[in-house]
Amino acid sequence: IGKIKTSLQLMILWTALTWGLTPLLIGVFGYNGVALASALTATSSVIVVFVVKRILPISVLPNITAPLISTAIMGSAVYALSPMVNGSFLRTGGLVLTAVILYAALLLLFAKNKVFQEIKLIIKYLRRKT
């Protein structure tokens, strides 16, 4: 939409946050500081929503509700089941597989039409490429 300057400013912000927060949080939290710095930097992406809303009429909530609810339920289930893993590679793999299946099932339950609409778009795109 021709907002190169705005895009550049956002990229500079994210670079500054990454470079500033990562060393600081590594010093405080060790390796976990990298994850925390990434999470905080990613959280700042909500700024993009506000910037875009000033330019285009968009509705964010309907697009994130189903994935957010699915993620919350899946995360709770994984948290509840995680004590059974006990460091076993096979059990960890089983838990990850369970999480993937649960998330996919929940997403189909809450947003079946949207999921199939997106799959059709991907297939259409892939067919154009070949």
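Residues numbered from 1 in each chain as written. Predicted model: local features only at pLDDT ≥ 70, side-chain atom pairs only at ≥ 80, totals over all residues. Heavy atoms only, no water.

Draft legend 1. Summary view of the overall build of the protein. Broken down by element type, the protein carries 5 helices and 0 strands. Going from N to C terminus, the protein has its helices and strands arranged as α-α-α-α-α. Taking 130 residues into account, the globule formula puts the C-alpha radius of gyration at 14 Å, and the protein, at 19 Å, lies well above it. Principal-axis analysis of the C-alpha atoms places the extent of the protein at approximately 50 × 45 × 35 Å. Taken across its 130 residues, the protein has 14% of its residues classed as buried. A sequence separation of at least 24 residues applies to 52% of the contacts in the protein between residues at least 6 apart. Approximately 10,200 Å² of the protein is accessible, and the part contributed by carbon and sulfur atoms is 73%. (Helix = DSSP H or I, 4+ residues; strand = E, 2+ residues; numbered from the N terminus. Rg over C-alpha atoms; globule rule 2.2 N^0.38 Å. Buried < 20%, exposed > 50% of the residue type's maximum accessible area, 1.4 Å probe, protein only. Contact = heavy atoms within 4.5 Å. Areas by Shrake-Rupley, 256 points an atom, 1.4 Å probe, with all protein chains shown as cover.)

Draft legend 2. Representation of helix H1 (residues 4-29). Over its 26 residues, H1 runs 36 Å from end to end, which matches the ideal 38 Å to within 8%, given 1.5 Å per residue. Taking the largest bend as the criterion, H1 deviates by roughly 25°, centred on Leu21, and proline Pro23 comes between one and four positions later. Among the residues making up H1, those that are buried are Leu10, Leu21, Thr22 and Leu25. Its buried side turned inward, H1 meets helix H2 (32-43) and helix H3 (46-55). A positive phi of about 70° marks Gly30, the residue just after H1. (Expected span 1.5 Å × (residues − 1). Bend = angle between axes of the 7 residues up to and from the residue.)

Draft legend 3. Structural context of the packing of H1 against H3. Between H1 and H3, whose axes approach to 11 Å, the crossing angle comes to 165°. Between H1 and H3, the angle falls in the class roughly antiparallel. Considering only the axes of H1 and H3, their crossing is right-handed. Facing H1, whose interface residues are Thr6, Leu10, Leu13 and Trp14, H3 presents Ile47, Val48 and Val51. For the contact of H1 with H3, the per-class residue count stands at 6 nonpolar, 1 polar and no charged. (Axes fitted to C-alpha atoms, helices over the stretch in contact; angles between N-to-C directions. Parallel < 35°, antiparallel > 145°, perpendicular 65-115°, else oblique. Left-handed = near helix turned anticlockwise from the far one by under 90°. Nonpolar A, V, L, I, M, F, W, Y, C, P; charged D, E, K, R; others polar.)

Draft legend 4. Molecular detail of the packing of H1 against H2. Direction vectors running N to C along H1 and H2 enclose 150°, while the axes themselves pass 7 Å from each other. With respect to H2, the element H1 is oriented roughly antiparallel. The chirality of how H1 crosses H2 is right-handed. Touching Trp14, Leu17, Thr18, Leu21, Thr22, Leu25, Ile26 and Phe29 of H1 are Asn32, Gly33, Val34, Leu36, Ala37, Leu40 and Thr41, all from H2. Along the lines of polarity and charge, the residues of the contact of H1 with H2 split into 10 nonpolar, 5 polar and no charged.

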